[in-house]
Amino acid sequence: MLTRKDLFSLEEYATKRAEFRAKVLEHKNARRVVLDPHMTLYFEDRLTIQYQVQEMLRIEKIFEPAGIEDELAAYNPLIPDGTNLKATYMIEYPDVAERRVALAKLVGVEHRVWLRVDGFDKVYAVANEDLDRSTDEKTSSVHFMRFEFDEAMRSALKRGAALAAGCDHPAATIDCTVDDATRDALVTDFD
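Residues numbered from 1 in each chain as written. Predicted model: local features only at pLDDT ≥ 70, side-chain atom pairs only at ≥ 80, totals over all residues. Heavy atoms only, no water.

**Here we look at the packing of helix 2 (residues 46-60) against helix 3 (residues 65-75)**
This is how the line gets drawn: To get an axis, fit a line to the C-alpha atoms, keeping to the stretch in contact for a helix; angles then go from 0 to 180 degrees between the N-to-C directions. The helix count covers DSSP runs of H or I at least four residues long, the strand count covers runs of E at least two residues long, and both are numbered beginning at the N terminus. For a crossing to be left-handed, the near helix must be turned anticlockwise from the far one by less than a right angle; the clockwise case is right-handed. Here, two residues are considered to be in contact whenever any of their heavy atoms come within 4.5 Å of each other. Ten residues, namely Ala, Val, Leu, Ile, Met, Phe, Trp, Tyr, Cys and Pro, are considered nonpolar, four, namely Asp, Glu, Lys and Arg, are considered charged, and the remaining ones, Gly among them, are considered polar.
Relative to each other, helix 2 and helix 3 sit at 145°, their axes nearing to 10 Å. Note on packing geometry: the crossing formed by helix 2 with helix 3 is right-handed. On helix 3, the residues that touch I49, Q52, V53, M56 and L57 of helix 2 are I68, E71, L72 and Y75. Counted by class, the contact of helix 2 with helix 3 contains 7 nonpolar, 1 polar and 1 charged residues.

Okay, here's the thing in structure tokens:
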């Protein structure tokens, strides 16, 4: 969990932003799983969420303690807590008309995204716990997901078991292997 003590002041962040941003973007690359050309899981952790909070504080020019606490309360739930992985799931289509059609076909997709540790059953995402982001007509292009792993699964991953990711929605059937470097980056969330 992040606290105000973990954050840079607005002035300090202004001087460190370029270096901090470069560090976070490199870190995020190792935590990204491309499911297909339009669907990506961006796995969050303490550093990625600190960056999000810092950017929100900067953009909104929030410096009062109550405002900072509000941002922390909004973003802290996205940090893994040792038994799970948390991700931002993005459905991306540059063309607005194409995106509209795709989001209508993908209603409910957020409940069909999964991760699978080799030798175990799929773990389906618990999506958008704090808000409903979809309607009967379309899904949202952004979802916040949590994947819970039991102790045996976490242990297997720490020992190097393969990790797969996918989706079994009728409009998006995907099954891909997560590369070892990404799996290794994600396993640190279990410490």
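**Remarks on the sheet that holds strand 8 (residues 163-169)**
Where strands meet in a sheet, backbone hydrogen bonds hold them as pairs that are either parallel or antiparallel. The cut-off we apply is this: Whether two strands pair depends on DSSP finding at least two bridges between them.
Overall, antiparallel pairing links the 4 strands, which are arranged 5-4-8-9 in an open sheet. At either end of the open sheet lies a strand with only one pairing partner, and these are strand 5 (122-124) and strand 9 (172-178). Averaged over all pairs of adjacent strands, the angle between their axes in this sheet comes to 20°, without regard to strand direction.

**Some words on the pairing of strand 4 (residues 113-117)**
To be explicit about the condition: Remark: exposure states derive from per-residue accessible area (1.4 Å probe, protein chains only) relative to the maximum for the residue type, with buried under 20%, exposed over 50%, and partly exposed in between.
Most of strand 4 is tucked away, with 4 of its 5 residues classed as buried. Across 5 bridges, strand 4 lies against strand 8 in antiparallel orientation. In the strand pairing of strand 8, R116 is matched with A164. In the sheet, strand 4 pairs with strand 5 via 3 bridges, with the strands oriented antiparallel. Residue pairing for strand 5: R116 is matched across the bridge by K122. Hairpin connection of strand 4 to strand 5: 4 residues between the antiparallel strands, including G119 at a positive phi of 95°.

**Side note on the sheet that holds strand 6 (residues 126-127)**
The strand order 1-2-3-7-6 describes an open sheet built from 5 strands, whose pairing is antiparallel. Each edge of the open sheet carries a strand with a single partner, namely strand 1 (32-36) and strand 6. Here strand 3 (residues 84-91) runs beside strand 7 (residues 142-148); their pairing, made up of 7 bridges, is antiparallel. Paired with M90 across the bridge in strand 7 is V142.

**Some words on the pattern of salt bridges**
Applied cut-off: Salt bridge, as applied in this entry: a Lys or Arg side-chain nitrogen positioned within 4 Å of an Asp or Glu carboxyl oxygen.
According to the stated counting rule, one finds 14 salt bridges in the structure shown. We note a salt bridge from R31 to D189, for which the minimum N-O separation is 2.6 Å. Of this pair, R31 sits in the loop between helix 1 (10-29) and strand 1 while D189 sits in the segment after helix 6 (180-187); the two residues are 158 residues apart in sequence, bridging distant segments of the chain. As far as the burial class goes, R31 and D189 line up, both buried. The residue D180 makes a salt bridge to R183 at a minimum N-O spacing of 3.4 Å. In this pair, D180 and R183 both sit in helix 6, 3 residues apart, roughly one turn of the helix. A relative accessible area of 8% places R183 in the buried class. Through salt bridges with shared partners, a single ionic network connects R17, E55 and R58.

**So, the packing of aromatic side chains**
For any pair of aromatic rings, the description rests on two quantities: the centre-to-centre distance and the angle between the ring planes. Threshold: Note on ring pairs: Phe, Tyr and Trp rings are taken, using the six-membered ring of Trp, and paired if centres are within 6.5 Å. Classes follow the plane angle, with under 30 degrees stacked, over 60 edge-to-face and the rest tilted.
One pass over the full model with this rule turns up 6 aromatic pairs. Each ring, one from F20 and one from Y51, has its centre 6.3 Å from the other, and the planes form 45°; the classification is tilted. Of this pair, F20 sits in helix 1 while Y51 sits in helix 2; the two residues are 31 residues apart in sequence, bridging distant segments of the chain. Accessibility assignment for this pair places F20 and Y51 in one class, buried.

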